[in-house]
Amino acid sequence: MSKLITFNTQALLLIEKSNTKSLDDFSRPRNEMATASEICGCYRKVILKMKSPAKPTARELRQKRRGHIFEIDQAERFKVMGFREVSPEEFPDASGPCFTRQLVVEHPDHPIGAHLDFAIKHKDGSLHIIECKTTAGIPSEPYGNWIGQLHIQLGLLAVSFPGIEIRGSILAADLSAGEEQEFNSFTPDMTLFGFYVEKGLELIEAKAGRIPAESMPGILCGYCPYRGGCPSHNDQEIPIEVECRITEYEKLDRKKKDLEKRMDPMKNELIEFFGGSFHGVTVDGIAVATTMIAASDYVDSKKVKKEYPLVYQACKKGKAGYTKLEIKKLPPAPLAKAA
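Q: What's the story with the packing of helix α3 (residues 43–51) against helix α6 (residues 190–207) in this structure? I'm lost.
A: In a pair of packed helices, the angle between the axes and the distance between the axes together describe the arrangement. Interaxial distance between α3 and α6 falls to 10 Å at its minimum, and their mutual angle equals 40 degrees. Between α3 and α6, the crossing angle belongs to the class labelled oblique. The handedness of the crossing between α3 and α6 comes out as right-handed. Along the contact surface, α3 presents Y43, V46, I47 and M50, while α6 presents K199, G200, L203, A206 and K207. Across the contact of α3 with α6, the residue classes break down as 6 nonpolar, 1 polar and 2 charged.

This is the structure we're talking about:
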């Protein structure tokens, strides 16, 4: 690792340490609280992280920083559009339009709380909360744990600000692709909130060691540092959100193959027309180029290995392995024959 990368990683560790301090500003110690993100996550991971915290990798630190940068950028957008930023302490009494970041909301009767990425107050006094998510590719529908997390936040806000109109949305962003998608029209559902409160109390019991911590398999299991030995991966039950991603991938893969079947004949026709060397632009501004790729030789590695093993050993180079993914829709099962 280069000196600069090492330097940057150490800097990110310090930033992460500073950022996580604010996550412990509840009225009770964190190990006695159930937060919105924890309630909608894997209880086994929450407990293991509490007992044996894993040091984040450089990649994880950069990914977290990406989320923080997006929130900083979103705050700038609010400001330029006329919303002034106030502190979380000022927010309850401030007049709109204004917003605050990382507002802490807690249940008055139970050790359940949340940090709100953004809480917005409009001129009419109505409130809107935004949960920000940075992703590599935006899903067509928000993940179940995203929705659950937002519903807990909405419920906590409704309890903290009774009689106030409250709405919420999830803002997903793929920063590399420059794409954003808002999933909106969420309002407090106190019946659903009551369900999550019960789940939160179960997590408190698990944190205290009075009941076992259940695992909850999900789309992010592959990134979990505690996946080893997880009972949910002994039989590899596929969670519903992962099934949705598989279905979406399979549909896109079929579309890709259909497109390739249509494109290949067109490609050959265009090469026949333009020849081996051409550069031009259509009236619609589409660049076209053909280039001849010279013929090349390759070596039969199996034959060399068999007949000239010393040469093979001297000249071979390693190639990293990879995981092959195969997703294919199975044909329908045949109907059972009548007896």
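Q: I would appreciate a short explanation of unusual backbone geometry in the present structure.
A: What is expected of a backbone is that most residues other than glycine have negative phi and most peptide bonds are trans. Each neighbour pair has its own omega, and for G96 with P97 the value is 5 degrees, a cis peptide bond. Relative to the elements of secondary structure, P97 occurs in the loop between β2 (84–85) and β3 (98–106). Of note in the backbone geometry, Q102 takes a positive phi value of approximately 55 degrees without being a glycine. Within the element layout of this structure, Q102 appears in strand β3.

Q: What's the story with helix α1 (residues 3–21) in this structure? I'm lost.
A: In an α-helix, one turn spans 3.6 residues, which is why side chains three or four residues apart end up on the same side. Here α1 spans 28 Å end to end across 19 residues, near enough to the 27 Å set by a 1.5 Å rise per residue. Along α1, the residues that are buried comprise T9, L12 and E16. Projected onto a plane normal to the axis of α1, the buried residues spread over an arc of 60 degrees and lie on a single side. Residues of α1 that are exposed and point over 90 degrees away from its buried face: K3, L4, F7, L14, K17 and K21. On its buried face, α1 is in contact with α4 (58–80).

Q: Is there a simple way to explain a negative patch on the surface in this structure?
A: Among the surface-exposed residues, D24, D25, E89 and E90 lie close enough to one another that they form a single negatively charged patch. Residue position: D25 is located in the loop between α1 and β1 (34–35).

Q: How do you make sense of the pattern of salt bridges when you look at a structure like this?
A: Two side chains of opposite charge can pair, provided their charged atoms sit close to one another. Per the counting criterion, the structure on display carries 14 salt bridges. Its salt-bridge partner being E165, residue R167 comes within 2.7 Å of it at the nearest N-O pair. Note that K257 and D253 form a salt bridge whose closest N and O atoms lie 3.3 Å from each other. With K257 and D253 both in helix α7 (residues 240–274), this residue pair falls 4 residues apart, about one helical turn. K257 gets classed as partly exposed once you look at its relative accessible area, which sits at 45%. Residue D253 is classed as buried on the basis of its relative accessible area, which comes to 18%.

Q: Would you mind going over the confidence of the model for the protein chain with me for this structure?
A: Low-pLDDT stretches of the model should not have their predicted coordinates read in fine detail. Averaged over the protein chain, the pLDDT score is 87; the fraction of residues at 70 or greater is 95%. The least confident element of the protein chain, judged by mean pLDDT, is helix α9 (residues 309–315) at 83; the most confident is β2 at 97.

Q: Please clarify how the side chain of R44 should be interpreted in this entry.
A: Here R44 is to be found in helix α3. Despite its burial, R44 remains without a salt bridge, the nearest opposite charge being carried by E214 at 12 Å. Dropping the residues within four chain positions of it, R44 is found in contact with A213, E214, S215, Y226, G228, G229, C230 and P231.

About the cut-offs
Residues numbered from 1 in each chain as written. Predicted model: local features only at pLDDT ≥ 70, side-chain atom pairs only at ≥ 80, totals over all residues. Heavy atoms only, no water. Axes fitted to C-alpha atoms, helices over the stretch in contact; angles between N-to-C directions. Helix = DSSP H or I, 4+ residues; strand = E, 2+ residues; numbered from the N terminus. Parallel < 35°, antiparallel > 145°, perpendicular 65-115°, else oblique. Left-handed = near helix turned anticlockwise from the far one by under 90°. Contact = heavy atoms within 4.5 Å. Nonpolar A, V, L, I, M, F, W, Y, C, P; charged D, E, K, R; others polar. Expected span 1.5 Å × (residues − 1). Buried < 20%, exposed > 50% of the residue type's maximum accessible area, 1.4 Å probe, protein only. Arc of directions from axis to C-beta. Patch = residues over 30% accessible without salt bridge, like charges linked within 9 Å, V, L, I, M, F, W, Y side chains within 5 Å. Areas by Shrake-Rupley, 256 points an atom, 1.4 Å probe, with all protein chains shown as cover. Salt bridge = Lys/Arg side-chain N within 4 Å of Asp/Glu carboxyl O. Lys, Arg positive; Asp, Glu negative; His and termini not counted. Charge placed at Lys NZ, Arg CZ, Asp CG, Glu CD. pLDDT = per-residue confidence, 0-100.

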